[in-house]
Each structure stands twice: as C-alpha cells, then as structure tokens.
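# Chain and residue survey
Chain residues, written in single-letter form:
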Amino acid sequence: MFSQTMARDRFLELIRFLRFDLKTERRRNLLHDKFALASQLWNSFISICQKALIPQWKITVDEQLLPCKARCKFIQYMANKPDKFGLKFWLTVDVENKYLFNGFPYVGKDDARSPQGSVPTDVVLKLMAPLFQGGYNVTCDNFFTSLDLALRLAEKKCSLVGTMRQNRREVPKECKKKKELRETEVFRHDGLYFQCDCFC
C-alpha cells in the first residue's frame, strides 16, 4: 500500500523538509517548551486519543523509547532497550484495548516540578489526571510503585497494582523475610490493603 502511494525517494525527500512548527516562532517557543518543534502535533494527537475512547478500568503506566538519533538535547540512552538511543515517552495505555490514552515526552529536568516531589509519582499523577475519580486501577513496575503513590491515587478514587523494590523504606520488615514459593501476606495501612506475594 505504501509503495503504491509514492516512491521511496519521494518520501525521503519530503521528510527532509517536513516541519511541525512555524520557523519564525521557533526560538520564542523553545524558551518555555523544549518539545516545541512537535508539541502542537503531539498535543492534538493525545487530545484525539482521549476523545475517541473511554478506557476500561484497567490502566497501565510505563515508559517507551522511540528510536531516534537526531541532534536533540533530550535523546536518552537506555542500555536495556533493543534500540539504545531515542526519545523517551511516559505513556498511559488501556490494558484491554492496547489503546494509548495519554502521554508526554521526557525532555530533561522539569524546573516547574517541586524538588521535594518524586519523579515517578509526579509522572503517574500527571498521566492519570484525566481519569481521576473514575475508579481506575493503575498497573506499573517497580520504578513507579510506592506507598506515597498508592495513597495519593486512593485520594483520587484510583487503585494501584505493581511490583516494589525491597529496599524501599515503606516496605515492612515482615515482607522482606524469606517466604515459601507462592506465599502471600496482606498488610493494612490507613484503610488500604497491601498484598505481598513471593513468586521467586
């Protein structure tokens, strides 16, 4: 289908000159938006994603590296990814439909963020903001999962499921003890229940 639309050389020539911003306003926009070269297109895309579907109750939050070797200040190197270099995006996806609902690029240190806050917690709360008070369940990995995040999501009528690093301060000592395979313990904190499973 794509080869019938246009020749490969024509496609390569077009993307050489493709722009998603006004060059005359680029310098001014970059002062307050590091992603200004594509932010208008990206924000429109996310807006359409959110209007097109009401997600099911299961949501996942994670990062994704889009391969890229362009000259860019916020290109990331991630050794554990198949493509080592690229643009990193924080994404919220509907588990049932595999549908992107929300996301934003990582463009380096956010000067507007409170230094006392946690980056993973702030990322999840920002991604989940359109779904607050909706009773959604968020699944994420041990980079994001924390007691603070669980409590703050509970305030917004959302729940959290995720793996957790044993070296976190909020993990009870009882949960760090060696357990039998598939052994489960349930802990309670301020009306919330936490389940500790052993699958190793």
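As annotated in an unreviewed UniProt entry, the protein chain carries the name PiggyBac transposable element-derived protein domain-containing protein and is attributed to Clavelina lepadiformis.

Examined against the element boundaries, Asp141 turns out to sit in the loop between strand 5 (137-140) and helix 6 (147-155). Judged by its relative accessible area of 31%, Asp141 is partly exposed. Along the chain, Asp141 and Thr60 lie 81 residues apart, while their C-alpha atoms are 9.2 Å from each other. With sequence-adjacent residues up to four places away left out, Asp141 is seen in contact with Asp62 and Thr163. Side-chain polar atoms of Asp141 contact the backbone nitrogen of Phe143, separated by 3.1 Å.

It is at 9 Å that the axes of helix 5 (residues 119-128) and helix 6 come closest, and there the two elements cross at 25°. One element, helix 5, and the other, helix 6, form an angle in the roughly parallel class. Crossing handedness for the pair helix 5 and helix 6: right-handed. Residues Thr121, Asp122, Val124 and Leu125 of helix 5 lie in contact with helix 6, whose contacting residues are Asp148, Leu149, Arg152 and Leu153. A class-by-class count of the residues in the contact of helix 5 with helix 6 yields four nonpolar, one polar and three charged.

For a regular strand, side-chain orientation follows a simple rule: the groups alternate between the two sheet faces. Most of strand 3 (residues 85-94) is tucked away: eight of the 10 residues are buried. As paired strands, strand 1 (residues 58-67) and strand 3 are joined by nine bridges and run antiparallel to one another. Opposite Glu63, over in strand 3, you have Trp90 as the bridge partner. The pairing of strand 2 (residues 76-77) with strand 3 spans two bridges and is antiparallel. Bridge pairing in strand 3 links Gln76 to Gly86. Examined bridge by bridge, strand 3 and strand 4 (residues 99-105) share six bridges and lie antiparallel to one another. Paired with Trp90 across the strands is Phe104, a residue of strand 4. Joining the antiparallel neighbours strand 3 and strand 4 is a turn of four residues, in which Lys98 adopts a positive phi near 55°.

Right, let's talk about the nonpolar core for a bit. In terms of nonpolar packing, the biggest core is built from 20 residues, with Val124, Met128, Val138, Phe144, Leu153 and Leu160 touching the most fellow members. Elements with a contribution of two residues or more to this core: strand 1, strand 4, helix 5, strand 5 and helix 6. Contacts of Val124, omitting those with residues within four sequence positions, involve Val61, Val138, Phe144, Leu149 and Leu153. If you look at the next biggest cluster of nonpolar residues, it comprises eight residues, including Phe35, Trp42, Leu87 and Phe89.

Here the focus is the packing of aromatic side chains. Applying the stated criterion to the full structure yields nine aromatic pairs. Here the aromatic rings of Trp42 and Phe45 are separated by 5.6 Å at their centres, their planes lie at 50°, and the arrangement is tilted. One end of the pair, Trp42, and the other, Phe45, are both in helix 4 (residues 39-52), three residues apart, so they sit about a helical turn from each other. An aromatic cluster of at least three residues, connected via ring pairs, comprises Phe35, Trp42, Phe45, Phe74 and Phe89. Over the aromatic face of Tyr106 sits the side chain of Lys88, whose NZ or CZ is 4.8 Å from the ring centroid. If you follow Lys126 out to its NZ or CZ, it ends over the ring of Phe104, 4.2 Å from the centre.

The rules behind these values
- Residues numbered from 1 in each chain as written.
- Predicted model: local features only at pLDDT ≥ 70, side-chain atom pairs only at ≥ 80, totals over all residues.
- Heavy atoms only, no water.
- Helix = DSSP H or I, 4+ residues; strand = E, 2+ residues; numbered from the N terminus.
- Buried < 20%, exposed > 50% of the residue type's maximum accessible area, 1.4 Å probe, protein only.
- Contact = heavy atoms within 4.5 Å.
- Polar contact = N/O pair within 3.5 Å; in protein donor to acceptor, adjacent residues only side chain to side chain.
- Axes fitted to C-alpha atoms, helices over the stretch in contact; angles between N-to-C directions.
- Parallel < 35°, antiparallel > 145°, perpendicular 65-115°, else oblique.
- Left-handed = near helix turned anticlockwise from the far one by under 90°.
- Nonpolar A, V, L, I, M, F, W, Y, C, P; charged D, E, K, R; others polar.
- Pairing = 2+ DSSP bridges.
- Core = buried A, V, L, I, M, F, W, Y, C linked by side-chain atoms within 4.5 Å.
- Phe/Tyr/Trp six-rings, centres within 6.5 Å; stacked < 30°, edge-to-face > 60°.
- Lys NZ or Arg CZ within 6 Å of the ring centre and 35° of its normal.

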